[in-house]
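Residues per chain are reported as follows:
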Amino acid sequence: MKLPLPFRRDRPIIPSANAQDHAERLIAESLRMLGQVCSKVADAIEAQRLERQGYAHNSYLRRLDLDEDDDAKKSSGGPGTGG
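What you see is a predicted model, and the numbers here were worked out from it, not measured in a lab.

Caption draft 1: Summary view of the overall build of the protein. Secondary structure assignment for the protein yields 2 helices and 0 strands. Counting over 83 residues, the protein shows a buried share of 2%. Accessible surface for the protein amounts to roughly 8200 Å². Of this, 59% is attributable to carbon and sulfur atoms.

Caption draft 2: Spatial organisation of a nonpolar patch on the surface. A grouping of Met 33, Val 37, Val 41 and Ile 45 is seen on the molecular surface, where their side chains present a nonpolar patch of about 370 Å² in accessible area. Along the polypeptide, Val 37 turns up in helix H1 (residues 13–52). By relative accessible area, which is 45% here, Val 37 ends up partly exposed.

What counts, and where the lines are drawn
- Residues numbered from 1 in each chain as written.
- Predicted model: local features only at pLDDT ≥ 70, side-chain atom pairs only at ≥ 80, totals over all residues.
- Heavy atoms only, no water.
- Helix = DSSP H or I, 4+ residues; strand = E, 2+ residues; numbered from the N terminus.
- Buried < 20%, exposed > 50% of the residue type's maximum accessible area, 1.4 Å probe, protein only.
- Areas by Shrake-Rupley, 256 points an atom, 1.4 Å probe, with all protein chains shown as cover.
- Patch = residues over 30% accessible without salt bridge, like charges linked within 9 Å, V, L, I, M, F, W, Y side chains within 5 Å.
- Salt bridge = Lys/Arg side-chain N within 4 Å of Asp/Glu carboxyl O.

Here it is in structure tokens:
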């Protein structure tokens, strides 16, 4: 029968592996949370920028360049007019 030795060298490997696993999990979760915070801050900054340009909060944006293109197509007899 083999008795366990009280001062074995390979004994601390398991607790250090668990500690490393725990630390890596904490770092990964912290980075995910930091990413969410950064995203919310970016959204807030963008909302403030749009409010300064005259857009109300939660309003739909309208592309002005598409309206100009549509007006040019209508006046020049674009596709679908048969000519």
